[in-house]
Amino acid sequence: MSALRHGLPAGLLLLWLLAALVAPVLPLAPDRIDLTAILAPPGHGSLLGNDDLGRPVLDRLLAGARTSLLVGLGVVTVSLVIGVLVGGVAGLAGGWLDLVLVRLIDVFLAFPGILLAIALAGILGPGIDNLIIALAAVGWVGYARLVRAQVLSLKRRDHVAAARALGAGPARLLFRHLLPLALAPVLVEATFGVAAAVIAEAGLSFLGLGVQPPQASWGSMIRDGAAYLLVAPHLVLAPGVAVLLVVLSVNLLGDRLRDRIDVRSRP
Amino acid sequence: MAARTASAALVILGVGSLVFLLIHLVPGDPVEAMLGEGARAADREVLRAALGLDRPLAEQYLGYLARTASLDLGQSFAYQRPVADLLAERIPATLELALAALTLALLLALPLGVLAARHRGGALDTGAMGFSLLGAAIPNFWLGPVLILVFSLWLGWTPVSGREGAASLVLPAVTLGTGLAAVLARMVRSSVLEVLAEDYIRTARAKGLRESSLLWGHALRNAWLPVLTLIGLQLGGLLAGAVITETVFAWPGVGSLLIEAIQARDYPVVQACVLLISLTYVLVNALTDLVCAWADPRVRG
Amino acid sequence: MVSPLLQVSRLTTRLGGEGQPVRVVDGVDLEIRKGETFALLGESGCGKSMLALSLMRLLPPSGRIVGGSVRLGDTDLLALPEGAMRRVRGGRMAMIFQEPQTSLNPVLTVGQQIAEAVRLHDGTTRRQVRERVQGLLQAVGIPEPARRVDEYPHQLSGGMKQRVMIAMALAGDPELLIADEPTTALDVTIQAQVLRLLKGLQRETGMAVLLITHDLGVVAETADRLAVMYAGQIVETATSAGFFADPAHPYSRRLMDSLPSPEKRAGRLAVIPGRVPPLDRPFTGCRFADRCHRVMDRCREIEPGWHQPSASQGVRCLLWAEGRPESDVPATGAAAGLVRIAAEPSRQPLVLRVDGLQVHFPIHRGVFRRVVGQVRAVDGIDLELYAGRTLALVGESGCGKTTAGKGLLQLIRPTAGVVRYGGVDLAGLKGRALRRQRKDLQIIFQDPFASMNPRMLVGDIVGEGLQALGLEPNRARRRARVAELLGQVGMSAEAADRYPHEFSGGQRQRICIARALAVEPRVIVCDEPTSALDVSVQAQILNLLKRLQDELGLAYLFITHNISVVSYLAHEVAVMYLGRIVERGTVDEVLDDPKHPYTRALLSAVPVVDKDKRREIIRLEGDMPSPSSPPEGCHFHPRCPEGIAECRQAYPPPTRLSETRSVRCLRVSA
């Protein structure tokens, strides 16, 4: 049971990483149109069948893994940098700067879910970079709020007061006493953030607001396949299962990380 | 109270301003983007004037705020009609879908979360949390097509898409509600568990209360407040998810209008849709805050 | 011989999973008689709370009673089905807990919560319930019960909440009330009120009380009989009088000797080395053997049985196997007699002087966080610290003593006032200039764990000041210095390579002291450094602080609410109430002959072990007001038993009584 719960997600994540990293060097042909294999069902020749243009689904799936990984990690990285910066400055500076940044955070939080990203992606146009910008514009807020709360509560802790009494300067306080402790929950949050970004990327691509065709994305594969649902359900099923498994695995990993940190932070 | 209202007003102003700025993010010339490259210069100038893009930014901004405040949302170019009229047509469908999904999610999540907490570590808990993990990982743009495949195409029980009759509501509501139910069930569980670990629950137990009165009389009376706040916050996911779900099922709501408008580069409609959905979200959350403040004696003071 | 009310025999409780179960209660025998107060005394982790929860069958989910029996009257509680046990809980046997702040449901009114208990156990009709609830509130001394019934817990003070808890427990007319550290979270004046209430109620209702506590003073003042618990077992049981006259178990003896008191100030306090052994493995021999000062070879081989020094006393110790052992050697210097403290501090050089220190916290409201008021946490205090001497700053929670300490060190910037040290005013310094001064002024906190960064190695924690101030940039030399410092506080050098969570509370506090010593300070602010520790560990820390002061000539500002620690350690005392110092003087002047009505009430409320030293408790009305709106005139006048009309006019100026002593009260004249 525990091997299933721990081993399987780890294996799946490894597979995802591997697929994304080696996809470009493998002899794959995700964009090769083969008019003789239109809507071919899974079987010999191509493991997961072919799509409406006769492109091999497995190859596109692997290429899509690269897209989702790029966007997932890209969005979380950009969001983290902005969020930690804004939240850290707000929490440390206090005063009017904090007041202004908190209001800014509030305004961004007022946009529900990825709605703002949908609008931004729609307006900026397709492409991986625009996708990352749109999702990071939504994603940084959560980290900013979390980091600010962390810094505020840590600032009041005795070990920070003790360090100040020992003559520690602002830089030492920040890098030794505040950030290392503030970042643990932020990293847990970032893990869940990767899962959210993978779903969001697929969602935006599904809406036609993601990557530029013919670049493969799990979301756009579902979108294209939906028209042939009855005759070729594998076009929708395969990429959907891929999203599901990756998101599930990342979330399980996040849960484990959170449990570990909870145990460690107890006195 | 006054502070709460003022702060909500500030947020609304901020949301409005950000939505105003959206159109200025369009790479290149928005007018060109809307009309395409082949348009005549005269047409472009007409559109530019209609959008007010020829005036200074500050003037545009103030004008936009003034018009929005008086519910004048501009003119749609794709439909050649006032945006407000378009929205009014689409709102009932989205409202119906959101309410149905929310109801479904609550009916699933509340009992599931409470029971899972009550029987922590048991089979029911494991099952509920398994559902929750799975439900949160299934994207609704995939669940929708799969449900269509099974219930519409194979079984023929429900229409594939559109909004005609009660049967057509079932699949979209299930699609949209499942994800929310999954997230909520988990939060309800942890909220109830947190309360059950409080000292005052031990006090109540020491009084000789039975487990059921403990749960209903003490635990849930405290746990429902954070749960209500969470429901308010999770509504964000529901509203954004509605955009995708409506697209999947060709449901004629505000969400599908937004996507149509994006594809048609009908920017005033895009702005209006984002503004409407966001403000609904802000208002609902302000409302849940008020309810919590009213229901919690510590805040009511 | 009447049959006992509660009879516990061979009760054993396990906690935790099958892997490594902990025997938190291990074969406990107890008898409680009708109407008596029976104290269960023990340090943290000895299993006393788990024993109480076992009696109520309210163990946490991982806990299980694995053996023994509990009889309440004729009822075998462990054999009852859960439904019948529920009728016992809150009915024949009720319980109150340590934390009144969190033990009441915040969203139900006080009346609703008491009514619940009334309806369950009292068979009254609906209409009578409210009446009965008000009657109960009246019985526990809550003023205006008709109004309080509809209030919520957050509207009540801590002491009031504990009264409500008691009212709830009384609803079922219990034969036995289990009180688990009922006053530990309360201030000493409030503790006195609650203990008196319990005594009075007991007289009226004839219920027995099982009082669980770690406080020897509380036991001495309230208990008829007692049992001492150690590592899951009872090691001694006796009448209260017999016990305090002559404790039989070496552990009991050492606990008493480790209590600080004025008689012991010339010497060192007795300490119990080591820590309570883990309970997850079987024991051979006596559980206390490894820490015992009178251990014999066979103690490690034979598990001691019960021996009877007298008819009313039982002890689990092999020393008593062949009758009364030779009498115990008193702990070092404990019997040296009372030492008078010289009344002239001027012989020692003045190190630091505080004049008119104020720390106000603004109260913000609204969207733009406008300032709408001030919390006057510290409202103008003067202090002098002398080399090699300890000034105790004494007061109850919320009086501003901690803020005063932090304000002095500039960890919180004062609103006004001068902190003169070495010719400069610290309050006027900023940035680098202030940091240079930090070397000389250090602080030790109440919670040693929270005051260490959990991600840093102990070696880096202790060496932090050396590094941050650039005192010892060389890594190897810093390491050597850290090892030396650890040795100075009685820790081994290997501790440097471990993390704080691997140490016990007392060890952590030693590490914190080493960290402060590292920069060779002249002043240390000790902010309740022992109040989170058990008495035997407290003694170790107090001994250490005293030794360091003698060796290094340190000046201490010792912030505490614990009067017995003050009497042991301090030279001068300043008593604080609502942001101001109301009385100050040498420790003998203030403790032996308090002048300010507040000081008198405070000292009278402190429970003492020695019967001859007890004073008549001066009862204070109500609670300390909020420092955001202190009363006009003398802040103490609304609660003062000696107040007169003039007290409302203005805050009284200090009245000098001697060179060292002053009091701020109109009723005291020079």
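Residues numbered from 1 in each chain as written. Chains lettered and ligands numbered in written order. Predicted model: local features only at pLDDT ≥ 70, side-chain atom pairs only at ≥ 80, totals over all residues.

Student: Looking at this structure, how should I read the overall build of chain C?
Tutor: For chain C, the count of helices and strands is 21 helices and 24 strands. For 670 residues, the compact-globule estimate of 2.2 N^0.38 gives 26 Å, and chain C sits close to it at 26 Å. With respect to the principal axes defined by its C-alpha atoms, chain C has extents near 75 × 65 × 50 Å. Counting the 670 residues in chain C, one finds 52% classified as buried. The contacts of chain C with a sequence gap of at least 6 include a subset with a gap of at least 24, amounting to 67%. (Helix = DSSP H or I, 4+ residues; strand = E, 2+ residues; numbered from the N terminus. Rg over C-alpha atoms; globule rule 2.2 N^0.38 Å. Buried ≥ 20, exposed ≤ 12 C-beta atoms within 10 Å, placed from the backbone. Contact = placed C-beta atoms within 7 Å.)

Student: Even after reading the chapter, I still don't get the environment of A:Leu152, so can you show me in this structure?
Tutor: Relative to the assigned elements, A:Leu152 resides in helix α5 (residues 128–155). Considering only alpha carbons, one finds A:Leu152 and A:Gly88, 64 residues apart in sequence, at a separation of 9.1 Å.

Student: Whenever I open this one, the sheet that holds strand β5 (residues 75–76) of chain C confuses me. Can you help?
Tutor: Across a sheet, strands are paired by hydrogen bonds formed along the backbone, either parallel or antiparallel in direction. All names here are of chain C. Spatial ordering of the open sheet is given by β2-β1-β4-β5, a layout of 4 strands whose pairing is antiparallel. The open sheet terminates on both sides in strands that have one partner only, identified here as β2 (22–32) and β5. Judged from the 2 bridges that link them, strand β4 (residues 63–72) and β5 form a sheet pairing that is antiparallel. When the sheet's bridge partners are listed, Arg71 is paired in β5 with Asp76. On the sheet, helix α1 (residues 48–56) packs against β1 (6–15), β2 and β4 and is oriented at approximately 70 degrees with respect to β2. (Pairing = 2+ DSSP bridges. Axes fitted to C-alpha atoms, helices over the stretch in contact; angles between N-to-C directions.)

Student: Sorry if this is basic, but what is going on with the interface of chain B and chain A here?
Tutor: Reports of interface size often rely on the accessible area that becomes lost once the parts have come together. Listed by partner, the interface residues are 38 residues for chain B and 34 residues for chain A. Breaking the side of chain B that touches chain A down by element, the ones donating at least two residues are α1 (2–22), α6 (123–137), α7 (140–154), α10 (211–248), α11 (254–263) and α12 (267–295) of chain B. Of the residues in the side of chain B that touches chain A, the class split is 32 nonpolar, 6 polar and no charged. (Nonpolar A, V, L, I, M, F, W, Y, C, P; charged D, E, K, R; others polar.)

Student: Looking at this structure, how should I read the interface of chain A and chain C?
Tutor: At the interface, 18 residues of chain A touch 22 residues of chain C. When contributions to the side of chain A that touches chain C are tallied by element, the ones reaching two or more residues are α6 (158–165) and α7 (170–206) of chain A. Broken down by element, the side of chain A that touches chain C gets its largest block of residues, 7 residues, from α6(A). Taken together, the residues of the side of chain A that touches chain C break down into 10 nonpolar, 4 polar and 4 charged.

Student: Teacher, can you tell me more about α7(A) here?
Tutor: For an α-helix, 3.6 residues make a turn, and residues three or four places apart therefore share a direction. All names here are of chain A. Its 37 residues place the ends of α7 only 47 Å apart at the C-alpha level, less than the 54 Å of an ideal helix rising 1.5 Å per residue. Along α7, the sharpest change in direction is near 45 degrees and occurs at Leu179; proline Pro180 comes one to four residues later. Two residues or fewer after α7 comes Gly208, characterised by a positive phi angle close to 85 degrees. (Expected span 1.5 Å × (residues − 1). Bend = angle between axes of the 7 residues up to and from the residue.)

Student: I tried to follow α10(B) on my own but got confused; where do I start?
Tutor: Residues and elements named next belong to chain B. End to end, α10 covers just 45 Å across 38 residues, shorter than the expected 56 Å (1.5 Å per residue, more than 12% under). At Leu220, α10 is deflected by roughly 50 degrees, the largest bend along its length. Of the residues trailing α10, Ala250 is marked for its positive phi of about 50 degrees.

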